[in-house]
Amino acid sequence: MLARLPLAYLLFMAGFATFVLCLAIHRWIGARKLTVAFLVISVACCLGMIAVGANQHQGWNARQMLVLYSFTWIGIAIGFFPSRKILLEYSDEWRRGVKRDQYEYPARYPAAVCASVIVMDVLAFILAT
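The rules behind these values
- Residues numbered from 1 in each chain as written.
- Predicted model: local features only at pLDDT ≥ 70, side-chain atom pairs only at ≥ 80, totals over all residues.
- Heavy atoms only, no water.
- Core = buried A, V, L, I, M, F, W, Y, C linked by side-chain atoms within 4.5 Å.
- Buried < 20%, exposed > 50% of the residue type's maximum accessible area, 1.4 Å probe, protein only.
- Helix = DSSP H or I, 4+ residues; strand = E, 2+ residues; numbered from the N terminus.
- Contact = heavy atoms within 4.5 Å.
- Expected span 1.5 Å × (residues − 1).
- Phe/Tyr/Trp six-rings, centres within 6.5 Å; stacked < 30°, edge-to-face > 60°.
- Lys NZ or Arg CZ within 6 Å of the ring centre and 35° of its normal.

> An account of the nonpolar core is needed here, citing residue identities and associated values.
Leu21, Val67, Tyr69, Phe71 and Trp73 are the most contacted members of the largest nonpolar core, which totals 23 residues. Where this core is concerned, the elements lending two or more residues are helix H1 (7-29), helix H2 (32-55), helix H3 (62-80) and helix H5 (108-128). Here this core takes eight residues from H3, the largest share from any one element. Not counting residues within four places of it along the chain, the set of residues in contact with Leu21 comprises Phe38, Trp73, Ile76 and Ala77.

> Let's hear about H1: which residues, and what values?
The end-to-end C-alpha distance of H1 is 32 Å, a good match for the 33 Å that 23 residues give at a rise of 1.5 Å each. Along H1, the residues classified as buried are Leu10, Ala14, Ala17, Thr18, Leu21, Cys22, Ala24, Ile25 and Trp28. Summarising the contacts, the buried residues of H1 are in contact with H2, H3 and helix H4 (84-96). The first or second residue beyond H1 is Gly30, which carries a positive phi of 80 degrees.

> Give me the packing of aromatic side chains: which residues, what numbers.
For the structure on display, the rule yields five aromatic pairs. Summarising the aromatic geometry, the rings of Tyr105 and Tyr109 are spaced 5.5 Å apart at their centres and angled 55 degrees between planes, so their arrangement reads as tilted. Residue Tyr105 is classed as partly exposed on the basis of its relative accessible area of 33%. Classification of Tyr109 by relative accessible area gives buried; the value is 12%. One Lys or Arg, Arg84, reaches over the ring of Phe81 and ends 3.9 Å from the middle of that ring.

Here's what the structure looks like:
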C-alpha cells in the first residue's frame, strides 16, 4: 500500500526518519561528530538496503525498501526513547572527562530497541506489500 505512493513521498519519509533519529542521537548524546557520522551511515544504510533488496530473489523494489528503511529508523528512535536518561547521563560524564571502569546498561533497554524495531518492521512489511 505505501509502496504505491509517489517516489517523492517515500524519499520524504526516509529523510524524515533519518532526521528524527539523528535529532534524537544529537539530543541524547550531544556529540556533533557522532551525529554527522550517523547521518552518513544512515544514507549508506538506505542505499545498501535498496541494493540488497533489488538483489533478493523476491525482487523487492526501491519503494518497498524505502518504506522498510523509514519504519526501521523510526523503530530505532522509539526503542532508544526509554534509555534516553541513561544516555544523557553517560554522555554528560563523557564530555566532562569522567571515565568509568564499567557502564551499567540494563537489559531492558536493548530489549526495547529490538522489540520496537521488530514491530515496526512487521508493520512496514504489511504496509509495503
